[in-house]
Amino acid sequence: MIEPAEVGAWFAWGSLLATLGWLVSRRAGRRWRKMNRRSRTIPATLGWAFAMGTVGVSLVVAEQIEDVGVRSSQAGEVLGATIVFLAGVVDDGYGGAVRGLRGHLRAILSGQVTTGVLKLAAAVLAAATTVAWTPRDHPWANLLALIAIAGCTNVWNGLDVVPGRALKGFLVVALVLLVVDLKAFLLVSTGAAAATLVPDLRERGMLGDSGANLVGFLAGAEIVRRLPEVWLIPTVVVVIGLNVLAETVTFTRTIEAIPPLRWFDRLGRLPEGTS
């Protein structure tokens, strides 16, 4: 059980290591630099910083708290997060022009193995690893948990099309989950997300696929580990619905059509036309 005095400490751990990770990762080579919406080339390595503030902390201080120890139930999630992150790094550095779930599925059907296809396979493998580490009582619940986690990974990949959107979504989910069940690992992840949000909003860096997929995976895994089996059914319905929305209407059109979401989405972002 986490003491109230420890809450700030675990949040600070994640923030500190993510900040250090950003200072190091922004010097990455040209391969991991992308052109943003203002035609400026910036490092797509904020995901590296977020990973250092989550997975990194869990490895550094694993012996101090059960929730992130390599022998605890959290270890499967840490391993899955590492798989998703590394696949995203490869896709960021060596990926082609194929984008979106439909595009990658078409590539699979045509027999083309792209880095995006490998990224999708990694998301499923990571979700399966997490579920297998702490299995549910019924096989159908394990299957639904896998779908929910892998689906969330892809949802956050779809959210990461404008600065700050994916991290804001994660922070909203994380704060709700922390109210329900206060856990050290999620506190660390929340601190890392908060630290990387500022450079993301100010367009000094991008999450990239490595960051967006990692954020989505952790959101899905943290949601699933708190849900009773019966609640996995509506969760999967919502996750599938969000994936369909992303591939059809798109998140941007939906958000722009709803004033409160539009306001929150634009909060802290550089105004359009700012150079």
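This is a predicted model, so every value here is computed, not measured. (Residues numbered from 1 in each chain as written. Predicted model: local features only at pLDDT ≥ 70, side-chain atom pairs only at ≥ 80, totals over all residues. Heavy atoms only, no water.)

> How should the overall build of the chain be read in this particular structure?
What the chain contains, in helices and strands, is twelve helices and two strands. Buried positions account for 52% of the 275 residues belonging to the chain. Long-range contacts, defined as pairs at least 24 residues apart, comprise 76% of the intrachain contacts of the chain with a sequence gap of at least 6. As displayed, the chain has an accessible area near 13,100 Å², and 67% of this comes from carbon and sulfur atoms. (Helix = DSSP H or I, 4+ residues; strand = E, 2+ residues; numbered from the N terminus. Buried < 20%, exposed > 50% of the residue type's maximum accessible area, 1.4 Å probe, protein only. Contact = heavy atoms within 4.5 Å. Areas by Shrake-Rupley, 256 points an atom, 1.4 Å probe, with all protein chains shown as cover.)

> Would you mind going over the packing of aromatic side chains with me for this structure?
What describes a pair of aromatic rings is the distance from one ring centre to the other and the angle between the planes of the rings. For the structure on display, the rule yields three aromatic pairs. Where W32 meets Y94, the ring centres are 6.1 Å apart and the plane angle is 85 degrees; that geometry is what we call edge-to-face. Highlighted residues: W32 in the loop between α1 (4-25) and β1 (33-35) and Y94 in helix α3 (residues 75-94), separated in sequence by 62 residues. What links up through ring pairs into an aromatic cluster is the set W32, W48 and Y94. (Phe/Tyr/Trp six-rings, centres within 6.5 Å; stacked < 30°, edge-to-face > 60°.)

> Before we go on, may I ask you to explain the packing of helix α7 (residues 165-180) against helix α12 (residues 259-266) in this structure?
What describes two packed helices is the angle between their axes and the distance between those same axes. Look at α7 against α12: their axes get within 9 Å of each other, and the N-to-C directions meet at 110 degrees. One element, α7, and the other, α12, form an angle in the roughly perpendicular class. Packed against α7, whose contacting residues are R165, K168 and V172, the element α12 presents F264, D265 and R266 at the interface. By residue class, the composition of the contact of α7 with α12 is two nonpolar, no polar and four charged. (Axes fitted to C-alpha atoms, helices over the stretch in contact; angles between N-to-C directions. Parallel < 35°, antiparallel > 145°, perpendicular 65-115°, else oblique. Nonpolar A, V, L, I, M, F, W, Y, C, P; charged D, E, K, R; others polar.)

> Sorry if this is basic, but what is going on with the side chain of D265 here?
Relative to the helices and strands, D265 resides in helix α12. The exposure class assigned to D265 is buried, which follows from its relative accessible area of 4%. Setting aside chain neighbours within four positions, we find D265 in contact with V162, R165, K168, I255 and E256.

> Is there a simple way to explain the nonpolar core in this structure?
The nonpolar side chains of a soluble globular protein tend to be buried, and buried together. Core analysis: the biggest nonpolar cluster contains 62 residues, and F50, W156, F170 and L218 have the highest contact counts within it. Sort the elements by how many residues they give to this core and helix α6 (residues 139-159) lands first, with ten residues. Ignoring any residue separated from it by four or fewer positions in sequence, one finds F50 in contact with F170, S189, A192, A193, T196, L214, V215 and L218. (Core = buried A, V, L, I, M, F, W, Y, C linked by side-chain atoms within 4.5 Å.)

> Is there a simple way to think about the packing of α7 against helix α9 (residues 208-226) in this case?
At a minimum axis distance of 10 Å, the contact between α7 and α9 shows a crossing angle of 20 degrees. Comparing the axis directions of α7 and α9 gives the class roughly parallel. Judged by the twist between their axes, the crossing of α7 over α9 is left-handed. Taking contact as the criterion, the partners of A166, L167, F170, V173 and L177 in α7 are, on α9, V215, L218, A219, E222, I223 and R226. (Left-handed = near helix turned anticlockwise from the far one by under 90°.)

> Whenever I open this one, a positive patch on the surface confuses me. Can you help?
Taken together, R26, R27, R202 and R204 make up a surface patch of like positive charges. A relative accessible area of 36% means that R202 is categorised as partly exposed. (Patch = residues over 30% accessible without salt bridge, like charges linked within 9 Å, V, L, I, M, F, W, Y side chains within 5 Å. Salt bridge = Lys/Arg side-chain N within 4 Å of Asp/Glu carboxyl O. Lys, Arg positive; Asp, Glu negative; His and termini not counted. Charge placed at Lys NZ, Arg CZ, Asp CG, Glu CD.)

> In this structure, what is going on with a nonpolar patch on the surface? I would like to understand it.
On the surface, V172, V176, V180, W263, F264 and L267 cluster together to form a nonpolar patch covering roughly 590 Å² of accessible area. Where the nonpolar patch is concerned, the elements lending two or more residues are α7 and α12. With three residues, α7 is the single largest residue contributor to the nonpolar patch.

> Explanation requested: the confidence of the model for the chain in the structure shown.
Fine structural detail should not be taken from predicted coordinates in areas where pLDDT scores are low. Of the residues in the chain, 85% reach a pLDDT of 70 or more, and the chain-wide mean stands at 86. Averaged over each element, pLDDT in the chain is lowest for helix α4 (residues 100-109) (61) and highest for α12 (96). (pLDDT = per-residue confidence, 0-100.)

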